[in-house]
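Structural description and commentary
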Amino acid sequence: MYKRKVLFVSALTALMVIGFMATSLTSYFVAQDSLARNISEQMLPLTSDNIYSEIQRDLLRPILISSVMATDTFVRDWALTGEEDPERIIAYLNEIQQQYQTITAFYVSEESRRYYHPNGVLRTVSPDEPGDEWYFRVRDMREPYEVNVDTDTADLSRVSIFINYRVLDYNNNYIGATGVGLSVEAVTRLIDTYQERYNRSIYFVDRQGNVTLTGQGYDRSAHLQDQDSLGPLATRILSTPSSSISYTNSAGDRVYLNSRLVPEFDWYLIVEQNSPASAQRLDDTLILNLGLSAAIMLLVLIIAHFTLRSYQRRLEDMATKDRLTGVANRHLFEMIFNHVQKNSQRYPRPVALIGIDIDHFKHTNDTHGHQAGDLVLQAVANTILQQTRDSDTLCRWGGEEFVLLLDNCTVEDAMQRAETIRNAVKAQVVAFGKARIQITLSLGVTTYHPGESLDPFIARADAALYQAKDDGRDRTVLAQ
């Protein structure tokens, strides 16, 4: 029985562990996948769209200014008339700088190669000067403009973002380059504002994977291809106008990335987000669910334990006790006798047995019915138990016959106990409806002979019992 109980509890525990783990982990991974999809397909693209819109407002404005300058009839007419009176173009550039609050404004003439600035004519550009490479690149390119991060010609200690716009005459011939410049620090502060507002990492890369603009705190390689975690994905990012991917960084955190080509700059806007707080809440929820599952399992096991113990006791009672009277049945009585027999061999002591039979029980059944007979049996059993010790064992031997095993009891004490039981039962009246049933007992007493089995022990008690019946019932007889 114990092994079966352990097996049942083990199987129940295994089933609950598998069930709770499967349910909790399935919910966790489904929620995690849903969160990842929400970030990569909705949150990051939406953030990228918002940032792009603000870039159009904040960073594309200099492109529009440069475009207006390149198509301004004053600039073209002044250049085509031989660049007479340089003060006019210098004043124009100074007005552009003041009106639009740029850090610089410039015009470089293809005819004279002069570099005009609000402060005057700074220099003459030359293909032999490395710092003038940008101009000849703009002259030869097909696109109308470029965005370039370079050293400011007017202040060599300052790095600026230049909008270099090609200027064409009325016949679409190249006559120079114009544009404005923005401070890198100003753009960095702008990116920092975006990062703080959206709680994302934001930076720009060109088509070759070079990181062109970042906010403060960017501490990774200047090339996407050289970054350990992101390098293998660089080709995918740089080969499509937009993409949404995820990767694990060197710290082991999950990072979600959205890239978008900004055609005006010909740069990629990169927006990254580490695993959000909601992902941590998912982990916490999983731990909480597993904890609750463990608590529920423990509660179920405790309930199962007490339920099994209750059923086990009921089964034991059914297997060892008489269902009607609640006293021991033959199986239990034989077990107890075997125990007493072995103990008496090790520690010799007197053992007695009383055979008990209800007088005229068949007449009671025939007269009042079996229900009345059952009441009589229960009343007799209860009365006998009230007159016995805890060490005594009462057994319903069959029908209306009982046997009472008295451990460590002399024959004299057994005779006295038998008489006490007989008188107690005789003094009791069983009420059944309007009937009052008087009960008497015939009893036979015997003592145990060392080494003998149960059968001769019972036989002697039965012989004394039948002798009591033959002598007129309602009496106690000691076996000879």
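Refer to the preceding data block for the structure.
Each value, and the rule that gives it
- Residues numbered from 1 in each chain as written.
- Predicted model: local features only at pLDDT ≥ 70, side-chain atom pairs only at ≥ 80, totals over all residues.
- Heavy atoms only, no water.
- Pairing = 2+ DSSP bridges.
- Helix = DSSP H or I, 4+ residues; strand = E, 2+ residues; numbered from the N terminus.
- Axes fitted to C-alpha atoms, helices over the stretch in contact; angles between N-to-C directions.
- 1 Å grid on protein atoms, 1.4 Å probe; cavity = no way out; pocket = protein on both sides within 12 Å on 5 of 7 lines; lining within 4 Å.
- Points joined across faces, edges and corners; volume = space filled by probe spheres on them.
- Nonpolar A, V, L, I, M, F, W, Y, C, P; charged D, E, K, R; others polar.
- Core = buried A, V, L, I, M, F, W, Y, C linked by side-chain atoms within 4.5 Å.
- Buried < 20%, exposed > 50% of the residue type's maximum accessible area, 1.4 Å probe, protein only.
- Phe/Tyr/Trp six-rings, centres within 6.5 Å; stacked < 30°, edge-to-face > 60°.
- Lys NZ or Arg CZ within 6 Å of the ring centre and 35° of its normal.

1. Some details on the sheet that holds strand 8 (residues 211–214)
Strands sit in the order 8-7-11-10-9 across an open sheet of 5 strands; the sheet is antiparallel. The open sheet terminates on both sides in strands that have one partner only, identified here as strand 8 and strand 9 (242–248). Averaged over all pairs of adjacent strands, the angle between strand axes in this sheet comes to 25°, irrespective of strand direction. Direction of pairing for strand 7 (residues 201–206) relative to strand 11 (residues 267–274): antiparallel, over a ladder of 6 bridges. Paired with Val205 across the bridge in strand 11 is Tyr268.

2. Considerations on the layout of surface pockets
Here the largest pocket is characterised by a volume of approximately 480 Å³. Of all the secondary structure elements, the ones that give two or more residues to the lining of the largest pocket are strand 7 and strand 11. Along the lines of polarity and charge, the residues of the lining of the largest pocket split into 9 nonpolar, 12 polar and 5 charged. For the second largest pocket, the lining is made up of 17 residues, of which Tyr145, Glu146, Val147, Phe265 and Asp266 are closest to its centre. With 4 residues, strand 4 (residues 145–152) is the largest single contributor of residues to the lining of the second largest pocket.

3. Here we look at the nonpolar core
Among the nonpolar cores identified, the biggest contains 42 residues, and Ile63, Ile89, Leu93, Tyr107, Val147 and Leu213 are the most heavily contacted of them. In this structure, Leu377, Ala381, Leu404 and Val445 belong to the second largest nonpolar core, which totals 28 residues.

4. A look at the packing of aromatic side chains
All chains considered together, the criterion is met by 17 aromatic pairs. Relative to Trp134, the ring of Tyr115 lies with its centre 6.4 Å away and its plane at 85°, an arrangement referred to as edge-to-face. Within this pair, whereas Tyr115 is found in strand 2 (residues 114–117), its partner Trp134 is found in helix 5 (residues 133–140), the two being separated by 19 residues in sequence. Among the residues examined, Tyr115 registers a relative accessible area of 2% and is labelled buried. Here Arg330 stacks its cationic end above the ring of Trp397, 4.1 Å away from the centre of that ring.

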